[in-house]
Amino acid sequence: MTVIIDRTKAQPQPSGHEPVSAAARVRAKATQGGGLYQARVPIYPKLVHGRWRAIKWALLVVTLTIYWVTPWIRWHRPGGLPQQAVLVDFAGGRFYFFGIQLWPQEVYFITGLLVMAAMALFLVSALFGRLWCGYACPQTVWTDLYIYVERAFEGDRNARMRLDAAPWSFDKAWRKAGKHAVWLGIAFGTGGAWIFYFHDAPTVIRGFWVGQAALTAYVFCALLTATTYIFAGFMREQVCIYMCPWPRIQGAMLDQHSLQITYRRDRGEARGPHKKGETWEGRGDCIDCNACVVACPMGIDIRDGAQLECINCGLCADACDEIMDKVGRPRGLIAYDTDAAVAARACGKPAVYKPVRPRTLYYAGALALVSGLMLWGLTHRSVIDLHVLRDRNPMFVRMQDGSVRDGYTLKIANRTFYAKTLTVRFDGVAGARLKTPGAPPQAGDLTVSVEPNAIRAVRIFVTVPPGASAGATPAIFTVSDGHAQARAKTVFDSGAQP
Amino acid sequence: MSERRIDEPTGVETTEHEWDGIRELDNPLPRWWLWTWYVTIAVAIVYWVLMPAWPGLHGYTKGILHQSDRVKLVRELADLKALRGAEGAQLQTASLEEIERDPKLQAYAMAAGQALFGDNCATCHGQGGTGGKGYPNLRDDVWLWGGSLEQIQHTITYGVRTGEPGAATTQMPAFGRDQMLKDAQIDDLTEYVVALSRRPANPAAVARATQLYADQCAACHGPQGLGDQTRGVPNLTDSEWLYGSTREAIRDQIVNGRGGVMPTWGKRFDPQTIKALTVYIHANAGGQ
């Protein structure tokens, strides 16, 4: 379509417009609420006391203790190996976990562990809702710790709101400065502890302060410090709502029989203010005091039902129980309950709880299967490993007497902490003689030694008498220490007969 | 400056630049672009301070980090030398047999030897060491100059027919080219050599050449044709033929008497390098 602009006619005046820059227009849009991002509404969670809060404090102490103490646990290993119980040794290519030592080739155990963790998460979610989110997730734990620090400096909810609204003063300045200083300290402690998992902790902590640690140690310390400070200090619930995929996935795990933090609307409605001495007849137990709302670290009203934001932490249940005690009504207006139970009670039927249902059986079955496989794999893994590389150039060598010799490189891994003397057997061609450099040729098995916790590449030459084989003959190398053994298939190539 | 004019449909100021009635809008630069630009300026200034940056009349600004790729290379080479230090030093003192027997030294020598072989030897002997016409196969059990560790070390160190002191000087006469023998005699000798390697040959020619062989060839190749490794004389009774096994190839060799040349590696490599190479070749040949 052609647009015709007729400049001979009077132009319609833009209604009193001054020149507007594009940036100004974008700014104007944002202030009108039309921007791409919603501005964060600050949340000031109020301190509550009660059963779930106590459990959360306990888990906070336990999980943080595990995080900070684990790298310092020592574990004796022979032969100059790291003495750290839990260590991801990238330089040495090993993962140490107490008595278990994994090689890079065995990374599938880590994969299996992650699958197990996912299955456990599915099962727990189907049974009890997002307990992980509410109690154990690092985002929750560190945010809880940061709010504890915030409360110590700035007071509880109302005091914090007043302080934020107040103009700058010395009192506000030192409280804010102190809070951020402690936050940064915790963040640095978090980032600093992270690197202990990847280097020998006592060594790296000394090297760190004198500039001798690896560059990656400084980078990851800085990275984890920054993410801790930003995620736990400023972003908090936004990490769960906007960044984490789990709240979206959980919809597939939960059903009406999953326990989750529930406002029992059958008991609470119709809600409304209640004065002391008034009758409770004909109304619900909810007195609309908003205690559950102000306690919520996610800034939601649980009475609106199950929501994506809810991390199932139970703080609103504690807050409500305190109120119910005061007004003399039974506890548990907000509690871990199922949608099915609430619906049943609303119809006057007894609540039915079904922890055993197809979904939980699947998850439990899958978890048991994967755990079993991993356990079997871990207990049955061979301490020696063998890979055979056949020489390709030359594929075979013909000797003066017409016998044929093939060269192989055997990569023998000794996963134990002790030196091993292994016998190497070759099966496939009759009359084969084995030879390894530095030892006389032998008709039977060869003996090679492999250092502890190492792979040794051994050159093996197999010579077969004239006419013993033609073309490519399948063959098998076996290495054995008398108990454990490893086998590898290969081929003996003797070319076409001359 | 002229009065600011506003583009009516968009309400945006114009730059007053006009081409064929099209005026340029003076939209502001995107903020992210502008800030990125400021950041690059800041980075450039920091870079000038830290790194070599500005040319001058006498050299250039070094920057407070004193970054220099040349200095870094020198340091890396020194590090490499230090890294090779432990085993490299042991190669100096250990005997060839000790190197081959000790798993660690053997692994070091094999790795070093493989690289050295690929860089220096493979051109003639082939990447796999199987040689070719005129270039001996180093993987089988036929050795012109001997296949023990010491013999291989000697051959590598001194080379073959290079004219250097210590290098082998033996040379087969060019019986045909230098007209030492007649064509018919060479034909008979060819049959004789074919017979030596237990292949069917013309008996009359063999009989005629018997005295000729004893006079001309046996001095080096021996009365039985078994050769002599001390002088690099090939064994004529085995199945290995450096210049080919056919009658034409054998006759050609009697006529021209070719002999290959191998460099005197002792002039280029230090002794431990030659030791590593020796162990690599010896081990891969199955070891005599």
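Quick caveat: nothing in here was measured; it's all calculated off a predicted structure. (Residues numbered from 1 in each chain as written. Chains lettered and ligands numbered in written order. Predicted model: local features only at pLDDT ≥ 70, side-chain atom pairs only at ≥ 80, totals over all residues.)

S.K.: Would you mind showing me how to read the overall build of chain A here?
M.R.: The secondary structure content of chain A amounts to 16 helices and 14 strands. Relative to the 2.2 N^0.38 estimate, which gives 23 Å for 498 residues, the radius of gyration of chain A is 34 Å and therefore markedly larger than a compact globule would have. Along the three orthogonal principal directions, the C-alpha set of chain A runs to about 110 × 80 × 60 Å. Within chain A, buried positions represent 26% of all 498 residues. Contacts spanning at least 24 positions in sequence make up 69% of the contacts within chain A whose residues lie at least 6 apart. (Helix = DSSP H or I, 4+ residues; strand = E, 2+ residues; numbered from the N terminus. Rg over C-alpha atoms; globule rule 2.2 N^0.38 Å. Buried ≥ 20, exposed ≤ 12 C-beta atoms within 10 Å, placed from the backbone. Contact = placed C-beta atoms within 7 Å.)

S.K.: What should I look at first to understand the interface of chain A and chain B in this one?
M.R.: Reports of interface size often rely on the accessible area that becomes lost once the parts have come together. The interface is formed by 24 residues belonging to chain A together with 28 residues belonging to chain B. Contributing elements (two or more residues each) for the side of chain A that touches chain B: helix H1 (22-31), strand S7 (397-398), strand S8 (404-414) and strand S12 (454-464) of chain A. A per-element tally of the side of chain A that touches chain B places S12(A) first, with four residues. Its residues assigned to classes, the side of chain A that touches chain B comprises eleven nonpolar, eight polar and five charged. (Nonpolar A, V, L, I, M, F, W, Y, C, P; charged D, E, K, R; others polar.)

S.K.: I'm lost on the sheet that holds strand S9 (residues 420-427) of chain A in this one. Help?
M.R.: Sheet strands line up and pair through hydrogen bonds in the backbone, either parallel or antiparallel. All names here are of chain A. Pairing is antiparallel across the open sheet formed by four strands, whose spatial order is S11-S9-S13-S14. Every interior strand has two partners, whereas the edge strands, strand S11 (446-450) and strand S14 (485-493), have only one. When strand polarity is set aside, the average angle formed by the axes of neighbouring strands in this sheet is 30°. Direction of pairing for S9 relative to S11: antiparallel, over a ladder of five bridges. Across the sheet, residue leucine 422 finds its bridge partner in S11, namely valine 448. (Pairing = 2+ DSSP bridges. Axes fitted to C-alpha atoms, helices over the stretch in contact; angles between N-to-C directions.)

S.K.: Is there a simple way to explain the sheet that holds strand S2 (residues 12-19) of chain B in this structure?
M.R.: All names here are of chain B. Strand order in the open sheet formed by three strands is S1-S2-S3, with antiparallel pairing between adjacent strands. In this open sheet, the two edge strands, each paired with only one partner strand, are strand S1 (6-7) and strand S3 (22-25). Pairing of S1 with S2, which is carried by two bridges, proceeds in the antiparallel orientation. Looking across to S2, one finds that isoleucine 6 is bridged to glutamate 13.

S.K.: Any chance you could explain the domain arrangement of chain A here in plain terms?
M.R.: Residues and elements named next belong to chain A. As assigned here, chain A comprises domain 1 (40-381) and domain 2 (384-493). One C-alpha centre belongs to domain 1, the other to domain 2, and the line joining them spans 55 Å. Taken residue by residue, the interface counts six residues in domain 1 and four residues in domain 2. Split into classes, the residues belonging to the side of domain 1 that touches domain 2 amount to three nonpolar, two polar and one charged. (Domains from an automatic or database assignment.)

S.K.: I'm lost on the nonpolar core in this one. Help?
M.R.: If you look at soluble globular proteins, the nonpolar side chains tend to sit buried side by side. Counting 36 residues, the largest nonpolar core has A:Cys292, A:Cys316 and A:Ile334 as the members making the most contacts within it. Counting residues per element, the ones that place at least two in this core are helix H4 (131-136), helix H5 (138-154), helix H7 (170-196), helix H9 (215-235), strand S4 (260-263), helix H13 (291-295) and helix H14 (315-327) of chain A. Among the elements that line this core, the one with the most residues is H14(A), at five residues. Beyond its immediate sequence surroundings of up to four residues, A:Cys292 is in contact with A:Ile302, A:Cys316, A:Ala319, A:Cys320 and A:Ile334. Membership of the second largest hydrophobic core comes to 22 residues, among which are B:Met110, B:Tyr280, B:Ile281 and B:Ala283. (Core = buried A, V, L, I, M, F, W, Y, C linked by C-beta atoms within 7 Å.)

S.K.: How should I be thinking about the environment of B:Asp7 in this particular structure?
M.R.: All names here are of chain B. With respect to the element layout, aspartate 7 can be found in strand S1. Residue classification places aspartate 7 among the partly exposed residues on the basis of 15 C-beta atoms within 10 Å. Between the alpha carbons of aspartate 7 and alanine 285 there is a distance of 87 Å; along the sequence they are 278 residues apart.

S.K.: What am I meant to see in helix H3 (residues 108-128) of chain A here?
M.R.: Given 3.6 residues to a turn, an α-helix orients residues that are three or four positions apart in the same direction. Residues and elements named next belong to chain A. Compared with an ideal rise of 1.5 Å per residue, which puts 21 residues at 30 Å, H3 spans 29 Å between its outermost C-alpha atoms and is within 8% of the ideal. What H3 keeps buried is the set Met119, Leu121, Phe122, Leu123, Ser125, Ala126 and Leu127. Tucked inside the fold, the buried residues of H3 contact H4 and helix H16 (358-380). (Expected span 1.5 Å × (residues − 1).)

S.K.: Can you help me understand the packing of helix H6 (residues 183-196) of chain B against helix H7 (residues 203-216) of chain B in this one?
M.R.: Working note: a packed helix pair is described by the angle between its axes plus the distance between those axes. Residues and elements named next belong to chain B. H7 packs onto H6 with a crossing angle of 95° between their chain directions and a minimal axis gap of 8 Å. Viewed along their axes, H6 and H7 adopt a mutual orientation that is roughly perpendicular. Contact residues: Gln185, Asp187, Asp188, Leu189, Glu191, Tyr192 and Ala195 in H6; Ala205, Val206, Arg208, Ala209, Thr210, Leu212 and Tyr213 in H7. For the contact of H6 with H7, a count of residues per class yields eight nonpolar, two polar and four charged. (Parallel < 35°, antiparallel > 145°, perpendicular 65-115°, else oblique.)

S.K.: Please explain the pairing of S2(B) as it appears in this structure.
M.R.: Remark: a regular strand shows side chains that alternate across the two faces of the sheet. In terms of residue burial, S2(B) counts as a barely covered element, since only zero of its eight residues are buried. Between S2(B) and S3(B), which pair antiparallel in sequence order, lie two residues; one of them, B:Asp20, sits at a positive phi of approximately 50°.

S.K.: What's the story with the packing of helix H4 (residues 103-125) of chain B against helix H10 (residues 271-284) of chain B in this structure? I'm lost.
M.R.: Residues and elements named next belong to chain B. The N-to-C vectors of H4 and H10 enclose an angle of 95°; their axes lie 7 Å apart at closest approach. Regarding the angle of H4 to H10, the classification is roughly perpendicular. Side by side, H4 and H10 meet where Gln106, Ala109, Met110, Ala112, Gly113, Gln114, Leu116 and Phe117 of the first sit next to Thr273, Lys275, Ala276, Leu277, Val279, Tyr280 and Ala283 of the second. For the contact of H4 with H10, the class distribution of residues is ten nonpolar, four polar and one charged.

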